Amino acid sequence: RSGVFVALGLWVGCAGPSPVGDDGGSSSGTASSSGSVGLDSTGASTAASSSSTNASSAASSSDETSAAPFEHEFYTLLTPEAGTLALHSNLPPAVDACLALPAADPPCEDLDADGLVDAWEDVVLDRLRPLRRLDEAESAIDDPDAVQADVGRVTTAADGSFRLMVMLGYSRDYGSCGFTAHDGDSERVVLSLAPLPSEGAGGVVIDQAYTAAHEGTASDHGRFFAGDELAQLVVTPDPTTGQPRWVVFPSADKHATYATLEICEGISPVPCFDEDCGPDGVDDPSLFDVLPVVGNAGELETPRLTDLAALGFPGDDAWADQDFCGGQGGSGCSASVRSKLLVDPFL
């Protein structure tokens, strides 16, 4: 068991921007322990260090480098009014607003051409996606080949709010009572995020949440949270930053996603149709916490991520109209990743 716990701890330690590299899956800059991103300022430094005997050229160079380099400051917090999870960010989400910042080298790149700054999207995805708290009987814990990873999309809604859609991927659904097992398991959560100007130009707060459970099936137990119901969402200190982090509870082996233990375990009293969530009778529940690697898929027509091999799912694609098979190949697995990223449950 202790070896398993170490593995889970390493999974938590992998939290952060997407590892997919040059295709834009990672946040700009390097996050410090305080949650502040310091961007490269090599262009400004080069201009500042260059010398010229021409006085007017030197003055021009000084003017061009007078603005301080932009530093992205971000962190999660609970709002003082309602205790709702929010994100502080001094980076505006809109590309036009980013380009207008009075600072040198703001990270305004928009590779997926959706009008939102990639660096802001990546921080929203990294900091507001949920930690998974597994049941102690979850088969993936003792499966050396098990893989978990997140694939996300951040987009703008018609009313000016934002959507964070996250596919919670598992390499296998282990079934219930020896039945319904299959390769690949694509679950999801969705957040509606309202602008929160008091927490910076890119500040947002959760104003609605959706947890999918057996989505689209006869036993669909998806759940919406808004208003006072948002207080039911579980928050815990992030294992790396210590800042507030949302927690969800996947059911043992089937991975239906629930916001609380009570909702999960109140689904059905009938054996093989009931759900078990969360570690019971353990000394340290945090040993069953998983915050896996994550990738930002971008947009359907202008993706930032397609091939999911870098996340541990070879053969799977973020935007292809194909079953998600958890890197196992084949067909007849789970719903496509794209279906988890394109359908807005709040409409």
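For every chain, the first residue of its written sequence is number 1, and the numbers climb from 1 along that sequence. In keeping with the model being predicted, local features are shown solely for residues with a pLDDT of at least 70 and side-chain atom pairs are shown and tallied solely at 80 or more, while totals for entire chains, interfaces and linings include all residues. Water and hydrogen atoms play no part in the side-chain values, which are based on all heavy atoms of the structure.

Considerations on helix H5 (residues 118–128)
Part 1: Within H5, 11 of the 11 residues are buried, which leaves the element mostly enclosed by the surrounding structure.
Part 2: Taken as a whole, H5 has its buried residues at Asp-118, Ala-119, Trp-120, Glu-121, Asp-122, Val-123, Val-124, Leu-125, Asp-126, Arg-127 and Leu-128. Accessible area is worked out with a 1.4 Å probe on protein chains only. A residue is then buried under 20% of its type maximum, exposed over 50%, and partly exposed in between. Secondary structure elements are taken from DSSP: a helix is a run of H or I of four residues or more, a strand is a run of E of two residues or more, and numbering for both begins at the N terminus.

Here we look at the pairing of strand S9 (residues 204–211)
Part 1: Burial analysis of S9 places 6 of its 8 residues in the buried class, the great majority of the element.
Part 2: Relative to S9, strand S4 (residues 85–89) runs antiparallel, the two sharing 2 bridges. Within S9, the position partnered with Ala-86 by the bridge is Val-205.
Part 3: By the bridge criterion, 7 bridges tie strand S8 (residues 182–195) to S9 in an arrangement that is antiparallel. Its bridge partner being in S9, Leu-193 is matched across the sheet by Ile-206.
Part 4: Should DSSP find at least two bridges between two strands, the strands are taken to pair. By the bridge criterion, 4 bridges tie S9 to strand S10 (residues 223–226) in an arrangement that is antiparallel.

Observations concerning the state of the cysteines
Part 1: Disulfides are defined as pairs of cysteine sulfur atoms found within 2.5 Å of each other. Using the criterion set out here, one finds 3 disulfides in the structure.
Part 2: Residue pairing for Cys-264: its cysteine sulfur links by disulfide to Cys-277, the two sulfurs lying 2.0 Å apart. With the S-S dihedral at roughly 85°, the linkage between Cys-264 and Cys-277 falls on the right-handed side. Placement of Cys-264 in helix H6 (residues 261–265) and of Cys-277 in the loop between H6 and strand S14 (289–290) is noted, with a sequence separation of 13 residues between them. Of the two residues examined, Cys-264 and Cys-277, each falls in the buried class.
Part 3: Put simply, Cys-325 and Cys-333 are joined by a disulfide, and their sulfur atoms are 2.0 Å apart. On the S-S bond that ties Cys-325 to Cys-333, the torsion sits near 95°, and the link is right-handed.
Part 4: A relative accessible area of 16% means that Cys-333 is categorised as buried.

Brief notes about the confidence of the model for the protein
Part 1: Averaged over all residues, the pLDDT of the protein is 83; the fraction at 70 or higher stands at 80%.
Part 2: Note on residues 1–64: pLDDT under 50 across the span, and 103 contacts to partners over four residues away in sequence or across chains. The predictor's confidence in any single residue is recorded as pLDDT, a number from 0 to 100. The contact definition used throughout considers only heavy atoms, calling two residues in contact when any of these lie within 4.5 Å.

As for the environment of Gly-175
Part 1: For Gly-175, the location among the structural elements is in the loop between strand S7 (162–173) and S8.
Part 2: The spatial distance from the C-alpha of Gly-175 to the C-alpha of Asp-253 is 6.0 Å, given a sequence separation of 78 residues.
Part 3: Once residues within four sequence positions are removed from consideration, Gly-175 is found in contact with Thr-180, Ala-181, Asp-253 and Lys-254.

Examining a nonpolar patch on the surface
Part 1: Together, Leu-300, Leu-342 and Val-343 give the surface a local cluster of nonpolar side chains, amounting to about 210 Å² of exposed area.
Part 2: When you line up the elements, Leu-300 lands in the loop between strand S15 (294–296) and helix H7 (337–342).
Part 3: Judged by relative accessible area, Leu-300 falls into the partly exposed class, the value being 31%. Excluding any residue in a salt bridge, patches collect residues exceeding 30% relative accessible area, merging like charges within 9 Å and nonpolar Val, Leu, Ile, Met, Phe, Trp and Tyr side chains within 5 Å. Methods summary: accessible areas were calculated by the Shrake-Rupley approach with a probe of 1.4 Å, and residue burial reflects only the protein chains presented. Throughout this description, the term salt bridge denotes a Lys or Arg side-chain nitrogen within 4 Å of a carboxyl oxygen of Asp or Glu.

Here's the deal with the packing of aromatic side chains
Centre distance and the angle of the planes are the two values used to describe a pair of aromatic rings.
Part 1: Ring pairs are drawn from Phe, Tyr and Trp, using the six-membered ring of Trp, whenever the two centres fall within 6.5 Å, and their geometry is named by plane angle: stacked under 30 degrees, edge-to-face over 60, tilted for the rest. Applying the stated criterion across every chain, the model contains 4 aromatic pairs.
Part 2: Aromatic pair Tyr-210 and Phe-224: ring centres 4.8 Å apart, planes at 35°, arrangement tilted. With Tyr-210 in strand S9 and Phe-224 in strand S10, the pair connects residues that are 14 residues apart, well separated along the chain.
Part 3: Relative accessible area serves as the criterion here: at 5%, Tyr-210 is assigned to the buried category.
Part 4: Judged by centre distance (4.9 Å) and plane angle (90°), the rings of Phe-313 and Phe-324 are edge-to-face. Highlighted residues: Phe-313 in the loop between S15 and H7 and Phe-324 in the loop between S15 and H7, separated in sequence by 11 residues.
Part 5: According to the relative accessible area criterion, Phe-313 is buried, its value standing at 0%.

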